[in-house]
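Fold and contact review
Below are the chains, spelled out letter by letter.
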Amino acid sequence: MLGDSVEAFAGDNAVARVLTAGGREIDCDFVVVGIGVAPRVELARDGGLDVDDGILVDEMLRTSVPNVFAAGDVARAWHPFYGERVRVEHWSNALNQGPAAARAMLGEPTATTASLIFFSDQYDVGMEYSGYAPKWDEVVFRGDRESGEFIAFWLKDQRVLAGMNVNVWDVNEHVQALIRSRQPIKASTLSDLDAPLESLVAQSASAAEASE
């Protein structure tokens, strides 16, 4: 229900209805509330670390205080590919940043340039998302949205910023390759099921090499 919001819960001793700001009454047996989370930065702030929607770290996960590192959900890390700091609350981020922080502590710093990825399975719907698209100007669909089997691409200036495959498998690496290429691609080409993703990746890779 887009454009509406929860106004109140109603019922005797237990919730039985949800009342919305738009005047709807939705009968229910129970309610699940997702209130979101905020990074716990109090300790870091008290310790003199720079914070802003998380603990600010560079691509090596070093904070503003020497010999102090931060990784995982709380770290807002500089990402060389995107040219800005990004804080990601996904398992893959924690999985990649933990070892990266350890290597940096051991004097073997490696920039955290891994693609941003997450996946989720919701009953009969499975999805994988790659990339980072805080702003975009077009969303292109490849496949049949009605059947629930498709790939969505977020584009800006005809370049793929992010992609999500829904009940379509073994394509995530191709999506990541299109993102990394930074090459413009027509929406009509992306949505054309007769154009294999492998060929689009190969074309983008060739174009990227030619532009170097």
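The notes below deal with the structure included here. Predicted model only: the values in this text are computed from it and were never measured.

About the criteria used
Within every chain, residues take consecutive numbers counted from 1 along the sequence as written. Reporting of local features is limited, given that this is a predicted model, to residues whose pLDDT is at least 70; pairs of side-chain atoms are given and counted only at 80 or more, and all residues count toward the totals for whole chains, interfaces and linings. The side-chain figures draw on all heavy atoms in the structure; neither hydrogens nor water molecules are used. Inter-axis angles, ranging from 0 to 180 degrees, are taken between N-to-C directions of lines fitted to C-alpha atoms, where helices are fitted over the stretch in contact. Secondary structure elements follow DSSP: runs of H or I no shorter than four residues count as helices, runs of E no shorter than two count as strands, and numbering proceeds from the N terminus. The labels follow the angle: roughly parallel below 35 degrees, roughly antiparallel above 145, roughly perpendicular from 65 to 115, and oblique for the rest. Crossings are assigned a handedness: left-handed for a near helix turned anticlockwise from the far helix by less than a right angle, right-handed for a clockwise turn. Here a residue-residue contact requires only that any non-hydrogen atoms of the pair lie within 4.5 Å. Following the grouping adopted for this structure description, the nonpolar residues are Ala, Val, Leu, Ile, Met, Phe, Trp, Tyr, Cys and Pro, the charged ones are Asp, Glu, Lys and Arg, and the polar ones are all others, Gly among them. Take the buried Ala, Val, Leu, Ile, Met, Phe, Trp, Tyr and Cys residues and link them wherever side-chain atoms come within 4.5 Å; each set so joined is a nonpolar core. Between buried and exposed lies partly exposed: a residue is buried under 20% and exposed over 50% of the maximum accessible area for its type, with that area taken using a 1.4 Å probe on protein chains only.

The axes of two packed helices give the description: the angle between them and the distance between them. Running from amino to carboxyl end, helix α3 (residues 172-181) crosses helix α5 (residues 197-211) at an angle of 25°, the nearest separation of the two axes being 9 Å. Between α3 and α5, the angle falls in the class roughly parallel. Pair α3 / α5 crosses with left-handed handedness. For the pair α3 and α5, the contacting residues are His174, Ala177, Leu178 and Ser181 in the first and Leu197, Glu198, Leu200, Val201, Ser204 and Ala208 in the second. Residues that form the contact of α3 with α5 fall into these classes: 6 nonpolar, 3 polar and 1 charged.

What follows is about the nonpolar core. Core analysis: the biggest nonpolar cluster contains 21 residues, and Phe153, Val160, Leu178, Leu190, Leu197 and Leu200 have the highest contact counts within it. Every element with two or more residues in this core is listed here: β10 (149-156), α3, α4 (187-191) and α5. For this core, the leading source of residues is α3, giving 4 residues. Excluding its chain neighbours within four sequence positions, the residues that come into contact with Leu200 are Arg142, Leu178, Ile185, Thr189, Leu190 and Ala195.

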